[in-house]
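# Structure at a glance
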Amino acid sequence: MPNSLVIYMVVHQPRRIRLPAQLIPRGTAPEKMDALIFDDQMDRRYFDKVAKYCYRPATELFQSLVDKGMKISLGFSVSFLLQMRRYGPDVLAGFQKLVSHENVELVAVEPYHSFIFYLDIGAFAERMAWGKHQLEDTFQKTITVTDTTEMFMSNDVYFQLQLNGFKGAVMDGRPWVMGWREPTHLYRYPNEEMRLFTRHYELSDDVGYRFSNRQWNGWPLMADTYATWVRQAMGEFVFIAWDFETFGEHHRADSGIFPFMHALHADFAKNKMHYLSPSEAIATFKDAHEMPLPEYGCTWAGDGGMDFFLGNEAQQGIFRLMHHIYNKAKLTKHPHLIDIAMWLLQSDNLHLIQWFSKAGAQAEVSAYFTPDEWWELGGLGILREQQRVYVNFLRAMDEYV
């Protein structure tokens, strides 16, 4: 049974596109296009809501827990950093105080939460280096371990991250990825050095996904029960990963998630669980096990396969448009047009339409993240207007090539 535990959380807010799509008049300067493509007011509205229910109270929660000895690791998208600077300097100050604690390790994340790794591995390498620098500069801590976008991992991405100099990376530990292996060990690709943390998806989802589900046979989840489940997992250590928004946004305060976390720390101590940061885990478990990686890639979303993002015709249509707007922006060589294209590669623009032609729990999760205001357009209206955003931007770049 493991007696060590690594906790990781990622914080992200997307830069939402403006629907209905706005025409971009011929001759519009690249710097003037942002206001026609992106919806800053919507971003502000969602940031304020999540800051109220999650970011402010949850940073206080984890500040208290790390003071008591809990160790956590945190990753931030640059997309979220920019929103904090613009809409919530106090939220940024709270996170900076939390990350400065000796029990908190900073983790790199793909800066815009984009799918650039599918289009241009060289650009992906540059973006990861840039995002790492942005986080280190903001939080004044050195980074050695990284996440990507939606915990994506594949053979080529592994090698690129290793070339970037990272000592470790996170990925999801689904059975179809792990094979006969348990997620409760540290891994590496055969004959390579970079370590892989494989998320224990069942134990992670018990808190991150199912905690407030009254139809779940584990509801209500009590801290002592959960601590026992973690303690009884097979292996050397348990790697648990959540969205930071789990605390107060996905599970509101009246669900009991905040007192649950306070009690959980006490029960981990009672069960003699030992917290490790990711870097400490790499130093502790020197003989990592070997594991091949899926050539088609895996993620922590949905069932762990990329079908969650690319599984329906609407997603595949947007994915093709992502390729076209990125290639066109590169033809212009205009830095601001390339930056807009990078924003439009956000995985969120695929995640938010996963519900199309689908039913069930995953579609419900996708629909939950789709902005409420968009539903006034109807389902097909959302798909039509989203595609027009990409087409309008593609045509607006004509005169810059």
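Use the structure listed above.
Attention in this report is confined to the structure presented alongside it. (Residues numbered from 1 in each chain as written. Predicted model: local features only at pLDDT ≥ 70, side-chain atom pairs only at ≥ 80, totals over all residues. Heavy atoms only, no water.)

Next up on the list: the overall build of the protein chain. Within the protein chain one finds 18 helices and 10 strands. Rg of the C-alpha trace for the protein chain: 21 Å, near the compact-globule value of 21 Å for 401 residues, within the 12% margin. For the protein chain, the proportion of its 401 residues judged to be buried stands at 58%. As displayed, the protein chain offers around 16,600 Å² of accessible surface, 52% of which is attributable to carbon and sulfur atoms. Taken together, the 39 basic and 49 acidic charged side chains of the protein chain have centroids lying 3 Å from each other. (Helix = DSSP H or I, 4+ residues; strand = E, 2+ residues; numbered from the N terminus. Rg over C-alpha atoms; globule rule 2.2 N^0.38 Å. Buried < 20%, exposed > 50% of the residue type's maximum accessible area, 1.4 Å probe, protein only. Areas by Shrake-Rupley, 256 points an atom, 1.4 Å probe, with all protein chains shown as cover. Lys, Arg positive; Asp, Glu negative; His and termini not counted. Charge placed at Lys NZ, Arg CZ, Asp CG, Glu CD.)

What follows is about the nonpolar core. Counting residues in hydrophobic clusters, the biggest one holds 123 residues, and the most contacted among them are Tyr 55, Phe 62, Phe 76, Phe 95, Tyr 226 and Phe 393. Broken down by element, this core gets its largest block of residues, 12 residues, from helix 2 (residues 40-67). Each residue touching Phe 76, except ones within four places of it in the same chain, is listed here: Val 11, Leu 81, Phe 95, Val 99, Leu 106, Val 107, Val 109, Leu 135 and Phe 139. Counting residues in hydrophobic clusters, the runner-up holds 18 residues, among them Val 10, Phe 197, Leu 276 and Phe 285. (Core = buried A, V, L, I, M, F, W, Y, C linked by side-chain atoms within 4.5 Å. Contact = heavy atoms within 4.5 Å.)

In this section: the pairing of strand 2 (residues 72-76). Across the 5 residues of strand 2, 5 count as buried, placing the element largely inside the fold. Side chains Ile 72, Leu 74 and Phe 76 project from strand 2 onto one buried face, and the interleaved Ser 73 and Gly 75 project onto a second face that is buried too. Of the strand pairs in this sheet, strand 1 (residues 4-11) and strand 2 are connected by 4 bridges, and their pairing is parallel. Bridging across to strand 2, Met 9 finds its partner in Leu 74. Where strand 2 and strand 3 (residues 104-107) come together, 4 bridges link them in parallel fashion. (Pairing = 2+ DSSP bridges.)

Turning our eyes to something else, we now look at the side chain of Thr 138. Within the secondary structure layout, Thr 138 lies in helix 6 (residues 121-139). Owing to a relative accessible area of 9%, Thr 138 belongs among the buried residues under this scheme. Reaching out from Thr 138, the side chain makes a polar contact with the backbone oxygen of Gln 134 at a distance of 2.8 Å. (Polar contact = N/O pair within 3.5 Å; in protein donor to acceptor, adjacent residues only side chain to side chain.)

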